[in-house]
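# A look at the structure
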Amino acid sequence: MKSFLDKVWSFFSSIKLAIVIFALVALTSIVGTVIEQQASYAENLRVLSSLVGQGLAPAAYKVLYALGFMNMYRSWWFLTLLSLFALNLLVCSIDRFPAIWRIMRTPVKPIAPDQMKRMPLKDEFVVPGGPDSALEKAVSAMKSIGFTAKSEKGPDGSVQLYAQKNAWSRSGVYVTHVSILVILLGAVLGVFLGFRGYVDLPEGFNANIVYSNNMDMSDPSQVARRASLLGALYSGNGDLQTAAQSLNESLPDFEKDLRSVGVIPLGFQVLCQQFQVQFYGQTDMPKAYRSLVTVLENGKPVVSKWIEVNHPLKYKGVMFYQSSFRLRHDLSNGVAVLGIRSPDGQTETRKLKIGQSFSIPGTKETVKLTEFNPALAFDDAGRAETYSQMMTNPAVKVDISGPDGARSSKWIVQRYPETWSLPDGSSVGLTDFWGVQATGLQVRKDPGVWVVYLGCILLALGLYVAFFISHKKIWVRMAPDKKGTLLTVAATCPKNRHAYEREIEKLVKHLKGGNQI
Amino acid sequence: MSSRFFGFSEMAYILAMVVYITHFAFRKKAVGVTATGLAVFGFVSQTLAILLRWREFYMLSGMGVLRSIPLTNLFESIIFFVWCLMLGYLIMEFRYKNRSFGAFVTPVAALALLFINLSGMSTQIEPLVPALQSNWLLAHVTLSFISYSAFALSFSTGLMYLVMTTDNRREGAYIFWTVALGIFAAVLIAMGLDYARFHAAMNSNSFVKDYLFKSTYKSGSSAVQVISYLSTAVFVFLVWRYGHALKKIIGGFNLQSSVLDEITYKSVAVGFPIFTLGGLIFGAIWANQAWGVYWSWDPKETWSLITWFIYAFYLHARFLRGWKGRKIAMVAVLGFVAVIFTYLGVNLLLSGLHSYGSR
Ligand code: HEM
């Protein structure tokens, strides 16, 4: 029985298994990068057709689908492979700990002369003078390269100095391995305690729920249940308590139901005040995407922040990331924000919908907004057209009518202030056209991320120690000789041998040179 | 302005490649000094070019100095890779007073720069899209390329090791390196053909992958496709058949294979920690800041991980299974193939295959 357990143990602690796993993870991952993950049937059929030809593609799809390659990084066998990898590392770490500990704790001991001859680094030479003067020099020479030596007298009148440094660096490899376990642990915590969702918020709208990214939409019964729960929520005006009551459920039960169909209650509300794309100069090259988002607790604002790519908002452990945006289909709810300057220099801001009109103080003119264009351009015949599906060049068209009824119309373009001036010397600038864009936010909660970062720090430290700091041992033996003292230097060093060789050379020079004075 | 200096450095590296190889064959001191002179000249021009471009970008972007470091697109990162590689090589040459590796390192540098021309990638200065405006990204790209340079070195010495120590045509290691080298050269030739054929018709907006291999393996005519594959096979066969010639040349190097093995390991030992920190950890931190996921198994990330696993394989197989010599040199060569694929293949091949690439 014991031997069976031993076998299992040594199987899981073996390097051979590690090497097999390295190879398997690498090879299967390659397939996963060729097949587009979580993509539609048509998409991957196209990919496969270009690889194996039209005829074989459907069969290849079937085989790969059955093996889980369409979503392989979440497939049971890939997760098993990763678990095996973790188990391998864990068992290997436990297995090796006592040995590492022993090496780190064991002091160096004097060694026999014939053992010194077998060391990877060695030197032997005679210096004039007796062992005592040599000893003194040797101690200071060893100090000069950073070793604090102990000495032992031999029976034959010889003296041996021995020392080591950086014994702790043996733990570098160990820390490296453990850090990978820490990272994996952090990832698992994230999966079980966190969520990944998204929410789409038109300007002026708020939400108290977000939608999970991992909802499986291929199960019709789940989709129907989700629709009915969301229906209850909407008929309660988005209020969770009301919706729960309407279903004769307690609030926690209702929230649990929502989660089970990929709808995650936040416990607070997020409101999109405004969305903006900023451009480089007057080009259409985006410089920044930003949303002004406010968090509300029971309807009261708590924090506001401009969210940008690379600058998320964090509230109660939930992170909001700028991830997408869109122009709404219906532009009729938009509000033009206008900066009006009358001929005598008075300024005011007005917010108007298309179809509304206003008069400019100090003049007799009336201005009516007639049309909005998110991306104004003119075709060859001079007709206005829309050249993109985002607000690259927002403009409003206005009709200007004087007291005598004379009318003219023109486009006021946000980007080009020269279009803002009106005939009578006043100007109407377009600052924003609000309410027609929606921001897409990724919403994440990942309490494991700090564990992952801790693992990353350990990994970096561990690798640094593993590759750049080495455990050095050195022995110097001084024996009486006809011409003075015979010095034997021996050293071991598992890494960076060249650098160590230079240190030893320095030591030897010191030992030889010291006696010539 | 910067493009002129890039031109100088490219010329200088190509000439240096020729002269280093000549030096390798004839071992005349004057030739060697010329080679070093050319390499230094190329390096200085390239440094100037990078600094000038940095300035141009700084003026254009209106962002901070550090943010304007020219490391934002494929073109700039290849330039940086070559710069690191040449810096590493020159340091090695001056420290070890040995020019032999020049014959292997300068071709990598020259090929990388030629690749820029062949692929017709954009060399324009482009403003940064929002996702790229991050200091973590900067650290990530810089360190990644330093590690790629170290891996490139291990690839060169690993390949030299294989060339030097194999002679039996039926031996796995021999087949491995001849086939790898043959395919590598064939792909470059195919790209050269694309370049010759499409260059005139190309404008700065058409992207490399739109025409990559369109004149050969992905040609509209199936006859051309078949001929392309056949001639590649013949080419690889020829490399296999006459690969010995290369061995004779390298044999003249007077290098000990154990030294090559040592340098291969050393380069991996330097590249691996830097790649782990810069390539994987900083990349993950950046992704987490930009999108809230530190790891999403996208093809680029996955290929970085594959590369990492191959080098982890190298370290463990070498140290613990006692793999030595040819077997382990093959792993080093394979590791760099994965590096190239991580950097170029994912952009050029996989994204051409997937729909997000054509969007
Ligand atoms: C991807 C994950 C891993 C990484 C990054 C990693 C990293 C390393 C590194 C850097 C070394 C030192 C090699 C050298 O000195 O050149 C090492 C050694 C070693 N690894 Fe791993 N390792 C990993 C997974 C594993 C696994 C799964 C095992 C389980 C059996 C394992 C067992 C060992 C052992 C026994 C050593 C030798 C330690 C020593 O020399 O004291 N490693 N590893």
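Each value, and the rule that gives it
Residues numbered from 1 in each chain as written. Chains lettered and ligands numbered in written order. Predicted model: local features only at pLDDT ≥ 70, side-chain atom pairs only at ≥ 80, totals over all residues. Heavy atoms only, no water. Domains from an automatic or database assignment. Pairing = 2+ DSSP bridges. Helix = DSSP H or I, 4+ residues; strand = E, 2+ residues; numbered from the N terminus. Axes fitted to C-alpha atoms, helices over the stretch in contact; angles between N-to-C directions. Contact = heavy atoms within 4.5 Å. Phe/Tyr/Trp six-rings, centres within 6.5 Å; stacked < 30°, edge-to-face > 60°. Buried < 20%, exposed > 50% of the residue type's maximum accessible area, 1.4 Å probe, protein only. Near = heavy atom within 4 Å. Polar contact = N/O pair within 3.5 Å; in protein donor to acceptor, adjacent residues only side chain to side chain. Nonpolar A, V, L, I, M, F, W, Y, C, P; charged D, E, K, R; others polar.

### Brief notes about the domain arrangement of chain A
The extent of an interface is frequently quoted as the accessible surface area lost upon association of the parts. As assigned here, chain A comprises domain 1 (4-96), domain 2 (107-166 + 470-511), domain 3 (181-328 + 439-454) and domain 4 (335-437). Of note, the centres of domain 2 of chain A and domain 4 of chain A, computed from C-alpha atoms alone, are 89 Å apart.

### Remarks on the sheet that holds strand 8 (residues 300-308) of chain A
Here 8 strands make up an open sheet; going across it, the order is 8-7-6-5-4-20-10-9 (chain A) and the pairing antiparallel. Two strands close off the open sheet at either side, each with one partner strand: strand 8 and strand 9 (313-315) of chain A. Shown here is a sheet whose adjacent strand axes are inclined to one another by a mean of 35°, direction ignored. As paired elements, strand 4 (residues 195-202) of chain A and strand 20 (residues 437-445) of chain A share 8 bridges and run antiparallel to each other. For A:Pro202, the partnering residue across the bridge sits in strand 20 of chain A and is A:Ala438. The strands touched by helix 10 (residues 257-291) of chain B are strand 10 (318-327) and strand 20 of chain A; relative to strand 10 of chain A, the strand with the most contacts, the crossing angle is about 60°.

### Observations regarding the packing of aromatic side chains
In this description, a pair of aromatic rings is defined by centroid distance and the angle of the planes. For the coordinates displayed, the defined rule picks out 43 aromatic pairs over all chains. Taken together, a centroid distance of 5.1 Å and an interplanar angle of 55° make the contact between A:Phe69 and A:Trp77 tilted. Each member of the pair A:Phe69 and A:Trp77 is classed as buried. Measuring from ring centre to ring centre gives 5.7 Å for B:Tyr20 and B:Tyr89, while their planes differ by 85°; the resulting arrangement is edge-to-face.

### Section: the sheet that holds strand 12 (residues 347-353) of chain A
Backbone hydrogen bonds are what pair the strands of a sheet, in a parallel or an antiparallel way. Residues and elements named next belong to chain A. Read across the open sheet, the 3 strands follow the order 12-11-19; overall the sheet is antiparallel. Each edge of the open sheet carries a strand with a single partner, namely strand 12 and strand 19 (427-434). The mean inter-strand angle of the sheet, taken between neighbouring strand axes irrespective of direction, is 25°.

### Describing the site of the ligand
In the neighbourhood of the ligand, 23 residues make up the surrounding shell, with A:Arg96, A:His177, B:Tyr265, B:His316 and B:Leu320 lying closest. Neighbouring residues of the ligand are not confined to one chain but are distributed across chains A and B. Between the ligand and A:Arg96 there is a distance of 2.8 Å, counted from an oxygen atom to a side-chain nitrogen or oxygen. With respect to the ligand, the side chain of B:His316 contributes an N or O atom lying 2.6 Å from a nitrogen atom. Breaking the shell around the ligand down by element, the ones donating at least two residues are helix 2 (15-34), helix 5 (76-105), helix 8 (171-193) and helix 12 (449-468) of chain A together with helix 10 and helix 11 (299-319) of chain B. Residue contributions to the shell around the ligand peak at 5 residues, all from helix 5 of chain A. Residue classes in the shell around the ligand are distributed as 16 nonpolar, 6 polar and 1 charged.

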